[in-house]
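The lines below spell out each chain.
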Amino acid sequence: MNSYAQKRGFLATLWDYLTTVDHKKIAILYLVAGGFFFVLGGIEALLIRVQLAVPNNDFMSADMFNQVMTMHGTTMIFLAAMPLLFALMNAVLPLQIGARDVAFPFINALGFWLFLFGGIFLNLSWFLGGAPDAGWTSYASLSLASEGKRIDFYTLGLQISGFGTLMAGINFIVTIINMRTTGMTYMRMPMFTWTTFVACSLILFAFPPLTISIFFLIFDRLFGAQFFNVDMGGNTIIWEHLFWIFGHPEVYILVLPAFGIFSEVISTFSRKRLFGYASMVFATVLIGFLGFMVWAHHMFTTGLGPIANAIFAVATMAIAVPTGIKIFNWLLTMWGGSIKLTTPMLYAVAFIPSFVIGGVTGIMNAASVADYQYHDTYFVVGHFHYVILGGVVFAVLAGLHFYWPKMFGTMLNETLGKITFWLFLIGFHLTFFVQHFLGLMGMPRRTFTFLEGQGLETGNYISSIGSVLMAVASVILVINIIITSVKNKKVGNDPWGDGRTLEWSISSPPPYYNFKQLPLVRSIDAYWHEKMEGRKEMPPAEPLGDIHMPNPSFIPFMISFGLFIAAFGAMYRPDYSWGLPVLIGGLVITFGSMLVRSLKDDLGTYIKKEELDDDKGVKA
Amino acid sequence: MKRFTRWRLSLLLVIMAFILSGCGEPYLSSLRPAGEVAKKQFHLMLLSTAIMVLVILVVTTLFVIVLIRFRRKDDRIPEQVEGSHKLEVIWTVIPIILILILALPTVKATLALGNMSGMEDEDAVVVNVRASLYWWEFEYPNEGIVTSQELVVPTDEKIFFNLTASDVKHSFWVPALGGTLDTNTDNVNTFWLQIDSDAAEEAGNLFYGKCAELCGPSHALMDSKVRAVSRDEYDRWIKGMKAAKEPQKPETALAKKGEEIFNEKGCISCHAVTSANSTIEAARIGPNLTDFGERAYVVGILQNNKEELKKWLKNPESVKPANKMTGTYEELTEEELDALAEYLLSLKVTE
Ligand SMILES: [Cu+2]
Ligand SMILES: [Cu+2]
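Residues numbered from 1 in each chain as written. Chains lettered and ligands numbered in written order. Predicted model: local features only at pLDDT ≥ 70, side-chain atom pairs only at ≥ 80, totals over all residues. Heavy atoms only, no water.

Considerations on helix α19 (residues 579-599) of chain A
Residue and element names in this part refer to chain A. Taking 1.5 Å of rise per residue, 21 residues should cover 30 Å, and α19 covers 30 Å from first to last C-alpha, within 8% of that figure. Every buried residue of α19 is accounted for by G579, L583, G586, T590 and S593. Down the axis of α19, the smallest arc covering the buried residues is 105°, so these residues share one side. Opposite the packed face of α19, turned more than 90 degrees from it, sit the exposed residues V588, L595, S598 and L599. Contacts from the buried residues of α19 go to α18 (555-572). (Helix = DSSP H or I, 4+ residues; strand = E, 2+ residues; numbered from the N terminus. Expected span 1.5 Å × (residues − 1). Buried < 20%, exposed > 50% of the residue type's maximum accessible area, 1.4 Å probe, protein only. Arc of directions from axis to C-beta. Contact = heavy atoms within 4.5 Å.)

Right, here's the structure in full:
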């Protein structure tokens, strides 16, 4: 373990990250990869807005627009929003519950590499005959009609990265159930832990339907099956059901952790415990539960009939109740508090009205009959961007500024952070508020252009200007990150000064074993509680002893790499004779690596008590 | 108190109706409802918007107070409040009431719009809509006729629709008349619309429809049109269409030449110039052109005049990328284009 103390070369660092199973490093991997895809998806968004800035624009061809639009949605949901949230979960969650790592560090790494290889596979489509072009929903009749390999990149890429997500989800569930430190009862868990717990439970139930529907599509397109081929007795509506049984909970998979981050930020910078903690937990669970009952509101116009539509309309409206509870609890948390408007707090504060707009337009969508007018129009585009940007992206940005010192040991610049915030906020509302009206005025979504003289020019132009502001904000954020990293001014355990939960009781960044002695939790907001009692540190729950840590491993990378190779084989098998051997070869790599993992004993290593005493020797 | 709330709500409704109805073009905007269905939907929009604006106002007020009153001024540690059952009950119960206020009319309207009674009547106006990449076919089963791109219907009457798609999923949407309904490849969907004559007049008797479901490159250009006319005019059109069961005899020499080219170049293999719906659907590969000369638009997006028509015939790809007509016939000379245009524009059934 002494190597950690040494200055290492680039290759050694690279190898370290390729083999790491440490949740804090995996968090950084997720952050870098998710950040990269976020920039990619953002560029695609800008291209869309350039094309739609004026009527009859020929900046992009119709075909190119469909690819860009599809990849924007797919990238943002699967390759940016989810990984960025996983980055924050990985960085913080084990610390919040007082654990040395997640339950399955090996699987944690595997989840990341699967996601990354899936994402790379999907994006290689740009260079290999064109990107997917049937929308992120990839409805079956259109995706079967799409020629070339485009949709196969979508199905195979998402399948691989979906496996990764499922594993990450299961891992966090087990971690939260099994790895809490002494005294960390369920009802003392920080809100971010709770929301992660519920979100990961949703992953557990929502991703299998996606996996199945994607398998159907893979088999239809590559292996001659007929699941969705209407002429052969197939049915395309099945795809819609399966997709939305996944797709609706997916919204909550994204937004619940976001709620968690905001809960932490708001309570920290109001110096108050979360108002109505128990009802917050209850509301989270209820939202998760109801999230599975409402998928057909995405299909009000599919023709399920008035009875089904009425039932799903009312069920959907019901979700407003627990969501409302949360909004008011946040407001009351701030009420009577001592509010400090730091950058993360600005995002949290701005989130409330922004998200309320997204929420109420959601209720408007739920009114099924009215939704016939909103469905597949820019109204819906406006609605879900309010939810996903106003909710999830604001949360990621808040979380990033909030936890940056915990992840990297240095604070992002507050002035630049606030400039980013204001530009982003203004740009966001400029871009998406008018889109509601564009939809109502007759503009369908996913249109590569619009005609002159139909009253849609002004709204589209405003929307495009807004998107430029958001782009500028993102550039400033990157500059901020670079400046901060170069300066690298180190900070202490609790740099915000108002930390409430366990992660702020240890150094920034924490040593690779996190806690020298696992902490004893005596109250909700455990660290705040001890601070108020006049203590500087958490009381230990165990005597100082040897610490068991897992070994790094290259096998997760190899398992994922094998699937990546196999996907190429599967895709080109119908056209080239080398396809089948490559498919088999890839699977051999994957299953061979699994076999090695199963047969070779890997008992991990121990950090000796003496090493811990000499703290400097083991600082990561 | 209760009366006050109701009064406030209706005031809000009126104000919003005023603001929203200024939005968009009367022939395209769902905020300018031109018939019973669109009006029902518009009223529901208003009601939900009113409730939601109320919610936003309450939240924003609280929000502003919090941000003004509770900013950090000193290093004091605020009281750590656990919660309040009373408040929590209030903000659980009030949303439930608000939702009930919205849910009941929603359910009622959903059932009303789903009610297809009257469709089986002999004199009902029934239209089979068939969506194909990137055009619309309208078949009148009771009259035994077919037209395309522009639907002709009488005002102030219920019109019943059967919707299907022949290749991929599309969605039939005429915002000013009512919300969208998907045209599936799997099944037939049904709904109805009704158009007020006053509103039709305001919109120039021509409503614009869009395809709402992503269906390929030209999805954005897959527009339909609805010509809403009086019952008399509608009857005249039907009579004319029914009479056009044989190809019309072109009058001018140029048009005659156009007809020949139309037949020689194979246009006829995709486009019918007679109105009967006797050929099977699969054989109707392109729009029916029987009353083409009376349409306002070519392929739904170009003004129907000689110039624009020639533009379409010369290079369809430049008008609608990936359309199914491109490259299916030999290139046309300028003379051939003139003749074809003359012929096609002469195809009329009501004069
Ligand atoms: Cu949904
Ligand atoms: Cu379409």
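Comments concerning a nonpolar patch on the surface
Residues and elements named next belong to chain A. A contiguous nonpolar surface patch, about 540 Å² in accessible area, is contributed by V54, W422, I426, L430, Y461 and I465. Of all the secondary structure elements, the ones that give two or more residues to the nonpolar patch are α15 (414-440) and α16 (457-487). The biggest single contributor to the nonpolar patch is α15, with three residues. Residue placement: I426 occurs in helix α15. Using a relative accessible area of 44% as the deciding quantity, one classes I426 as partly exposed. (Patch = residues over 30% accessible without salt bridge, like charges linked within 9 Å, V, L, I, M, F, W, Y side chains within 5 Å. Areas by Shrake-Rupley, 256 points an atom, 1.4 Å probe, with all protein chains shown as cover. Salt bridge = Lys/Arg side-chain N within 4 Å of Asp/Glu carboxyl O.)

Thoughts on the coordination of the copper ion (ligand 2)
Those donors, C211 of chain B (SG), E213 of chain B (O), C215 of chain B (SG) and H219 of chain B (ND1), are the protein atoms that reach the copper ion (ligand 2), and they lie 2.2 to 2.3 Å from it. Its four donor atoms give the copper ion (ligand 2) angles of 84 to 124° at the centre, a pattern that matches the irregular case. (Donors = N, O, S within 2.8 Å, 3.2 Å for Na, K, Ca; no water. Tetrahedral: all angles 85-135°; square planar, octahedral: opposite > 155°, others 65-115°.)

Observations regarding a positive patch on the surface
There is a patch of like positive charges on the surface, built from K340 and K418 of chain A together with R69, R71 and K73 of chain B. In this structure, K73 of chain B sits in the loop between α2 (36-69) and α3 (85-113). On the accessibility criterion, K73 of chain B (64% relative accessible area) is exposed. (Lys, Arg positive; Asp, Glu negative; His and termini not counted. Charge placed at Lys NZ, Arg CZ, Asp CG, Glu CD.)

A short note on the coordination of the copper ion (ligand 1)
Residues and elements named next belong to chain A. The coordination sphere of the copper ion (ligand 1) contains the protein donors H248 (ND1), H297 (NE2) and H298 (NE2), at a distance range of 1.7 to 2.2 Å. Mapped onto the sequence, the donors of the copper ion (ligand 1) take the spacing H-x48-H-H. Linking H248 in helix α8 (residues 237-270) with H297 in the loop between α9 (277-290) and α10 (306-318), this pair joins segments that are 49 residues apart in sequence. Residue classification places H297 among the buried positions, given a relative accessible area of 13%.

Details of the side chain of T323 of chain A
Residues and elements named next belong to chain A. In this structure, T323 sits in helix α11 (residues 320-334). Exposure remark for T323: the relative accessible area of 16% places this residue in the buried category. For T323, the residues in contact, after removing those within four places along its chain, are F259, I287 and F355.

Observations concerning unusual backbone geometry
In the segment running from S508 of chain A into P509 of chain A, the intervening peptide bond is cis, with an omega of -10°. As for its placement among the helices and strands, P509 of chain A is situated in the loop between α16 and α17 (526-532). Cis geometry marks the peptide bond from L133 of chain B to Y134 of chain B; its omega dihedral reads -15°. With respect to the helices and strands, the residue Y134 of chain B is situated in the loop between β1 (125-132) and β2 (135-140). In the Ramachandran plot, S138 of chain A falls in the positive-phi region, its phi being about 45° despite a non-glycine side chain. Within the element layout of this structure, S138 of chain A appears in the loop between α4 (105-124) and α5 (140-145). Positive phi is not limited to glycine here, since Q149 of chain B has a value of about 65°. Following the sequence through the fold, Q149 of chain B ends up in the loop between β3 (145-148) and β4 (150-154).

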